[in-house]
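Given next are the chains, with one letter for each unit.
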Amino acid sequence: IGHDLLAGMIAAIGEPDFAERTAHALCDFLEFNLSAMIVHRADAGSRVIYDNFDRTGSRLGLENYVRFTHRANPMLAGRSDIAVCRARDFAIRGGDFGKSLQALLIPAGEEELGFRTAGWPPMLEEIGLYFRGCGGMVELGFYRERASRPVSADRLEMLGAFGAPIRAAFERDAALRPQAPASDAPV
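Below or above, wherever it landed, is the structure these notes cover.

What counts, and where the lines are drawn
- Residues numbered from 1 in each chain as written.
- Predicted model: local features only at pLDDT ≥ 70, side-chain atom pairs only at ≥ 80, totals over all residues.
- Heavy atoms only, no water.
- Buried < 20%, exposed > 50% of the residue type's maximum accessible area, 1.4 Å probe, protein only.
- Helix = DSSP H or I, 4+ residues; strand = E, 2+ residues; numbered from the N terminus.
- Pairing = 2+ DSSP bridges.
- Lys, Arg positive; Asp, Glu negative; His and termini not counted.
- Salt bridge = Lys/Arg side-chain N within 4 Å of Asp/Glu carboxyl O.
- Contact = heavy atoms within 4.5 Å.
- Axes fitted to C-alpha atoms, helices over the stretch in contact; angles between N-to-C directions.

Among the 10 residues that make up strand β6 (residues 124-133), nine are buried, leaving the element largely enclosed by the rest of the structure. One ladder, built from four bridges, connects strand β3 (residues 83-86) with β6; its direction is antiparallel. Bridging across to β6, valine 84 finds its partner in leucine 129. Taken together, the 10 bridges between β6 and strand β7 (residues 136-145) define a ladder with antiparallel strand orientation. Bridged to glutamate 126 within β7 is tyrosine 143.

This part takes up the side chain of glutamate 126. Note on placement: glutamate 126 falls in strand β6. Buried and unpaired, glutamate 126 has arginine 146 as its nearest opposite-charge partner, separated by 8.7 Å. Once you skip the residues sitting within four places of it in the chain, glutamate 126 turns out to touch Met75, Cys85, Arg86, Ala87, Glu112, Leu113, Phe142 and Tyr143.

In this section: the sheet that holds strand β2 (residues 45-51). With antiparallel pairing, five strands are arranged side by side in an open sheet as β2-β1-β7-β6-β3. The open sheet is flanked by β2 and β3, the only strands paired with a single partner. Neighbouring strand axes in the sheet, compared pairwise and without regard to direction, differ in orientation by 20 degrees on average. Packing of helix α2 (residues 18-30) onto the sheet brings it into contact with β1 (34-41), β2 and β7, and relative to β1 it is tilted by some 125 degrees. Together, β3 and β6 form the strand contacts of helix α5 (residues 153-161), whose direction differs from that of β3 by roughly 150 degrees.

The values reported here are purely geometric and, on their own, carry no functional implication.
Next up, the structure:
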């Protein structure tokens, strides 16, 4: 299954729907149904390069995250290379996020992180693949309704093993289409 995933991603490099095809392939691989691909840049802010949040009616939640609350994402903190993370491993209980974020972060003990961004769909299982690339930190987030059985450790390990080829595919796509991740309109 991993070779098919990488082959499909490689075939999409340079195509206008590279991010969408990659998101679909990774969602299928993980057995998740929602995704958001975001490039976080210190000099240009955060920009969505792909998402399918319209299917949940949660556009406002994604907008709030990209514009504001990503700063409270503990999975983004201190990443220097490739990382695969489960949100539940980063739970924050009673965090002080500062006045600027308090109105947009809803404390929720039932959520994997212990809070939810205003407008974000509730009760999701979240997996993230993070890597430096495309001029910033790339966040590939995958979500599904919280299942009785979380994603397996083997599947997470495989996703981590694909991290370097995925990063290389994103870098190559950006080189072939330099306007792609950098100039997509923010949400």
